[in-house]
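These are the residues of each chain, in order.
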Amino acid sequence: MWKKIMGVFESIGYARAAASLASMGMHKEAKELMLHRAKAKDTVKELNRLSDRELHDIGIHRGEIRSIAYGYSDNQRAA
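Please read all numbers here as calculations on a predicted model, not as lab measurements.

K.L.:
Could you give me a rundown of the overall build of the protein, with the residues and numbers involved?
P.N.:
Scanning the protein for helices and strands turns up 6 helices and 0 strands. Reading the helices (α) and strands (β) of the protein from amino to carboxyl end gives α-α-α-α-α-α. Excluding contacts between residues fewer than 6 apart, the proportion of contacts in the protein whose partners are at least 24 apart in sequence is 39%. About 5700 Å² of surface is accessible on the protein, with carbon and sulfur atoms providing 55% of the total.

K.L.:
Describe the pattern of salt bridges, and please don't skip the residues or the numbers.
P.N.:
Per the counting criterion, the structure on display carries 2 salt bridges. The salt bridge involving Arg62 is made with Asp52; its shortest N-O contact spans 2.7 Å. With Arg62 in the loop between helix 4 (52-57) and helix 5 (65-69) and Asp52 in helix 4, the pair connects residues that are 10 residues apart, well separated along the chain. The class of Arg62 is partly exposed, set by a relative accessible area of 34%. Note on Asp52: relative accessible area 52%, which makes it exposed.

K.L.:
Account for helix 2 (residues 14-23), naming residues and giving values.
P.N.:
Residues of helix 2 that are buried include every one of Tyr14, Ala17, Ala18 and Leu21, and no others. Viewed along the axis of helix 2, the buried residues span an arc of 100°, placing them on a single side of the element. Seen from the buried face of helix 2, the exposed residues on the opposite side, beyond 90 degrees, are Ala15, Arg16 and Ser23. Backbone geometry just after helix 2 places Gly25 at a positive phi near 85°.

K.L.:
Which residues make up the nonpolar core, and what values go with them?
P.N.:
Counting 14 residues, the largest nonpolar core has Leu33, Ile65 and Tyr70 as its most contacted members. Going through the elements one at a time, helix 2, helix 3 (27-49) and helix 5 are the ones with two or more residues in this core. Sorting elements by how many residues they give to this core places helix 3 first, with 5 residues.

What counts and what doesn't
Residues numbered from 1 in each chain as written. Predicted model: local features only at pLDDT ≥ 70, side-chain atom pairs only at ≥ 80, totals over all residues. Heavy atoms only, no water. Helix = DSSP H or I, 4+ residues; strand = E, 2+ residues; numbered from the N terminus. Contact = heavy atoms within 4.5 Å. Areas by Shrake-Rupley, 256 points an atom, 1.4 Å probe, with all protein chains shown as cover. Salt bridge = Lys/Arg side-chain N within 4 Å of Asp/Glu carboxyl O. Buried < 20%, exposed > 50% of the residue type's maximum accessible area, 1.4 Å probe, protein only. Arc of directions from axis to C-beta. Core = buried A, V, L, I, M, F, W, Y, C linked by side-chain atoms within 4.5 Å.

Given below as structure tokens:
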């Protein structure tokens, strides 16, 4: 369910999406969305610090970092 919500909200922006959820009384979901975004941003930072060799060792290409961090890797990598 979160992947679907995240896909929609990513297009309008996380802050706006969280505000929309909060205005609908979905405070827990808004907080979870912002926490998910913060964790994904941290993951992107950490993976970007790795060398290409280190990324290769764990099976990640540099171009996949954002999709992996934000949880979209399943469909993209399977294709």
